[in-house]
Amino acid sequence: MSDCLFCKIIAGEIPSTKVYEDETVLAFRDIAPQAPTHILVIPKAHIKDAGEITPENSALIAHCMEVVAIVAKQENLTGGFRVVSNCGADAGQTVNHLHFHVLGGRELSLQMA
Ligand code: 5GP
Ligand code: ZN
């Protein structure tokens, strides 16, 4: 999608600090980290949010979860980490391209909302 920030990052039109990339998934550092490690894992296909996961694209989402595990190992998040995906306005989603936040490197609050 031409007006999507993360599609522009995938296309290399906006720079990012990549930590993992393959044919279908990209992981890069969040520009405003909320924890010592804060990585965004995204499918290269434009999917709006977790509400658009279907049988047709769920293998790609499963691969995103594999990449979550890969980057957690790369970042040595041996003490644990959190995976978050904000979906829609009530959850505070600001970029409408499905992304999984990987947060770690410190003890995280147990607050869910
Ligand atoms: P959301 O609020 O939609 O769950 O998460 C969007 C995330 O994208 C935020 O954590 C925000 O800091 C990050 N972000 C926004 N613009 C950019 C950018 O240009 N580059 C990178 N690396 N991260 C961005
Ligand atoms: Zn997009």
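In what follows, the structure referred to is the one given above.
Everything numeric in this text was worked out from a predicted model, so none of it was measured.

Cut-offs used in this document
Residues numbered from 1 in each chain as written. Chains lettered and ligands numbered in written order. Predicted model: local features only at pLDDT ≥ 70, side-chain atom pairs only at ≥ 80, totals over all residues. Heavy atoms only, no water. Pairing = 2+ DSSP bridges. Helix = DSSP H or I, 4+ residues; strand = E, 2+ residues; numbered from the N terminus. Donors = N, O, S within 2.8 Å, 3.2 Å for Na, K, Ca; no water. Tetrahedral: all angles 85-135°; square planar, octahedral: opposite > 155°, others 65-115°. Phe/Tyr/Trp six-rings, centres within 6.5 Å; stacked < 30°, edge-to-face > 60°. Buried < 20%, exposed > 50% of the residue type's maximum accessible area, 1.4 Å probe, protein only. Near = heavy atom within 4 Å. Polar contact = N/O pair within 3.5 Å; in protein donor to acceptor, adjacent residues only side chain to side chain. Areas by Shrake-Rupley, 256 points an atom, 1.4 Å probe, with all protein chains shown as cover. 1 Å grid on protein atoms, 1.4 Å probe; cavity = no way out; pocket = protein on both sides within 12 Å on 5 of 7 lines; lining within 4 Å. Sits in = over half its atoms within 2 Å of the grid points. Points joined across faces, edges and corners; volume = space filled by probe spheres on them. Nonpolar A, V, L, I, M, F, W, Y, C, P; charged D, E, K, R; others polar.

Trainee: Let's hear about the pairing of strand β1 (residues 18–21): which residues, and what values?
Mentor: Within a regular beta strand, the side chains point alternately toward one face of the sheet and then the other, so they alternate between its two faces. Of the pairings in the sheet, the one linking β1 to strand β2 (residues 25–29) comprises 3 bridges and is antiparallel in character. Bridge assignment links Tyr-20 to a residue of β2, and that residue is Ala-27. Between β1 and β2, which pair antiparallel and follow one another directly, the connecting turn spans 3 residues.

Trainee: Break down the coordination of the zinc ion (ligand 2) for me, with residues and values.
Mentor: Within the first shell, the zinc ion (ligand 2) binds the protein through Cys-4 (SG), Cys-7 (SG), His-46 (ND1) and His-97 (ND1), at distances of 2.1 to 2.3 Å. Around the zinc ion (ligand 2), the 4 donor atoms are arranged such that angles at the metal cover 103 to 116 degrees; this shape is classified as tetrahedral. Mapping the donors of the zinc ion (ligand 2) onto the primary sequence yields the spacing C-x2-C-x38-H-x50-H. Highlighted residues: Cys-7 in helix α1 (residues 5–11) and His-46 in the loop between β3 (37–43) and α2 (58–74), separated in sequence by 39 residues.

Trainee: Residues and numbers for the packing of aromatic side chains, please.
Mentor: This structure, assessed with the given rule, holds 1 aromatic pair. A ring pair is formed by Phe-6 and Phe-28, whose centres lie 5.4 Å apart and whose planes are at 80 degrees; its orientation type is edge-to-face. Here the residue Phe-6 occupies a position in helix α1, and Phe-28 occupies one in strand β2, the gap between them amounting to 22 residues. Given a relative accessible area of 5%, Phe-6 falls into the buried group.

Trainee: Could you give me a rundown of the site of ligand 1, with the residues and numbers involved?
Mentor: The local shell around ligand 1 holds 16 residues, among which Arg-29, Asp-30, Asn-86, Thr-94 and His-101 are the closest. One of the backbone nitrogen or oxygen atoms of Ile-31 is found 3.2 Å away from a nitrogen atom of ligand 1. Side-chain polar atom of Asn-86 to an oxygen atom of ligand 1: 2.8 Å apart, as the coordinates give it. Compared with its free state, where it exposes 520 Å², ligand 1 has 82% of that area covered by protein. Cavity membership is defined here by more than half of the atoms lying within 2 Å of grid points; on that basis ligand 1 lies in the largest pocket.

Trainee: Got a sec to walk through the layout of surface pockets? Specific residues and values, please.
Mentor: As a volume, the largest pocket reaches approximately 800 Å³. If you trace the largest pocket, you find 31 residues lining it, with Asp-30, Gln-34, His-38, His-101 and Leu-103 closest to the centre. Looking at the lining of the largest pocket, the elements with two or more residues in it are α1, β2, β3, β4 (81–84) and β5 (100–104). For the lining of the largest pocket, the class distribution of residues is 15 nonpolar, 12 polar and 4 charged.

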